[in-house]
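If you want the building blocks of each chain, they are given just below.
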Amino acid sequence: MPPSLRSRSTIATIAAVLACLPPGVAAAGEVVNVTTTTLIEYHGENRDSDETNDGFADVINKINLSFGGPVLSTDLRLDTFTLMPVHPSAYPKVAPPGKKYSDDYRIERLTGVIRPGGGLKLTLGDFYAQFGNGIVLSLRKLDELGLETVLRGARIDGEWGPISLTLLGGLTNIQNLDPQNLYFVEDPQDRLAGARVEGRIPGGRLKLGLHGVWGSPSHGEARSASTWMVGGTLDAVLVPGKLLLGTEFDWGLFDALDAYPNQHPQRFPCRDQGSSPFSPCQDTGYAAYLDLSAKLGPVSILVEGKLYDTFALEGSLRYPGDPAPIFYSQPPTAERIDQEIENTHTVVGGRLKLDWRILPTLTVFVSTDGGDYVSVHDLVHSSVDDDEGNAFNRAWYMHVWGGVDLRWDLQRSSLGLSGGWRTEREPVVSGHPGQDWREFKRIAHGELKLNLFLGGDCTLHVSMLHEWRWKREFAGSSVKLVDYHRGTHVVGMDWAGKLSLSVAAEYDTDSIVAGKDGFGSPDAWF
């Protein structure tokens, strides 16, 4: 039997067994849960130049079985992905070079947790992990991006009074389906290890944390053969219920591979290159983050600041020959979570957000975010050494947005409306801000989110997002901004957590070929 059919048969058998589990199978103090999530998608003719992404449907299914007890708990997840031809000429799917479409049936997650007592917890198998604010390590599920990464190995957690300790190590296990293009992605199995210790003073008004992380990609085409990161966090309650402070500072050392001393000079230029251009590069990076929250009566204020200088925990490349690596760190962006950010690893910026609770059920908010994709290290070096050849500046951005949130029916129903405007500009002379700036991206957006309680166990959910976008394109010797549209609209029903059903439609007119107007051809939007 071929491996794919064998995997499919095994998973079908396990799913049938799970479906037949009688209620009340767990003993007293134990809980068994079985959930399943199914997503059916259709991809029609989207009028772009890529002929590999049209004329097919796919079915994604995830079955979760969890068992929880006072000493032992386990979790099992089965993932399936099936391509279904709609037009026979479009199947089997042939992906671009270096990528592939593939049916996939596998046991994606298997985890066991043991609590022997004495403040200890031992985790074996697949688990999430995050240290501090996620700047040095963040392995978790990002629903907004459709990404999920875990570590397959062992983890020990201990807590003794005000002191807590975490030790972990293993190989990375990523989601094997590219959520954007539906390409199959192999697990990189990059090596990671880390430790974190936290201490709290009596009363809980101050918490200090120290951590360290080591990572080594399993494949050669990466930024470094090994990465070492150390840092610390400080969280303080300055005024109980009124003023909170959170900070983090991290430092990293990146040992480049001899075979790839300067693998990605555009993203991470080698600052400490030896006498020969082929000598190994040992580079450093650092990151700092500040979060200040204040509450003044009905007004809440959030101030965030970030300074990241070529700082990221990188793994192997997602695809062979592709310059985009897999990141195992997700630093706070100090922006809306749904934004496409040019660079999260070399940037200086911040955010100021105000929330005003006008009524117990009515809140208005406004936020302004801004920053510069600049390396402070290179900026100082360029100023001190008067090195005009050292390009240190890439672009700056600004984003202003706001909205209103209304709740009623005992907080069971809500309506959120928001909108905003964003611009990004870069120096006319690449890397140097001494000359003029030109806009290369502009976004105006509007959103609606409705949760309507219909009585009993039923709630209606509606989410609508539309973006008017402009991007820079070159036309001969001239440069102009070209507009296009993106949107996502979802309607769903939820029955008290027992069953949830949603229908979604997405469109993007960015890649429509010349002569095909997205508004004139509605199917070109999908």
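Residues numbered from 1 in each chain as written. Predicted model: local features only at pLDDT ≥ 70, side-chain atom pairs only at ≥ 80, totals over all residues. Heavy atoms only, no water.

A. The arrangement of the pairing of strand E14 (residues 243-255) in detail. Of the pairings in the sheet, the one linking strand E13 (residues 226-239) to E14 comprises 13 bridges and is antiparallel in character. Residue pairing in the sheet places Val239 in a bridge with Leu243 of E14. A loop of three residues connects E13 with E14, the two strands running antiparallel in sequence, and Gly241 in this loop sits at a positive phi of about 75 degrees. (Pairing = 2+ DSSP bridges. Helix = DSSP H or I, 4+ residues; strand = E, 2+ residues; numbered from the N terminus.)

B. Local environment of the environment of Val150. With respect to the helices, strands and loops of the structure, Val150 is situated in strand E9 (residues 147-160). On the basis of relative accessibility, which here comes to 2%, the residue Val150 falls in the buried class. Residues Val150 and Thr172 lie 22 residues apart in sequence; the distance between their C-alpha atoms is 6.0 Å. Contact partners of Val150, with chain neighbours within four places excluded, come to Arg109, Asp126, Phe127, Tyr128, Leu139, Leu171, Thr172 and Asn173. (Buried < 20%, exposed > 50% of the residue type's maximum accessible area, 1.4 Å probe, protein only. Contact = heavy atoms within 4.5 Å.)

C. Expanded view of the environment of Asp283. Its place among the elements puts Asp283 in strand E15 (residues 282-296). For Asp283, a relative accessible area of 4% corresponds to the buried category. Linking Asp283 and Gly252, residues 31 residues apart in sequence, is a C-alpha distance of 8.3 Å.

D. Region of the structure containing the side chain of Asn343. When you line up the elements, Asn343 lands in the loop between strand E18 (325-327) and strand E19 (347-359). Residue Asn343 is classed as buried on the basis of its relative accessible area, which comes to 12%. Among the polar contacts listed, one links the side chain of Asn343 to the backbone nitrogen of Thr346, at a separation of 2.9 Å. The residues contacting Asn343, other than those within four sequence positions of it, are Tyr373 and Arg394. (Polar contact = N/O pair within 3.5 Å; in protein donor to acceptor, adjacent residues only side chain to side chain.)

The quantities given are spatial measurements derived from coordinates; they are silent on function.
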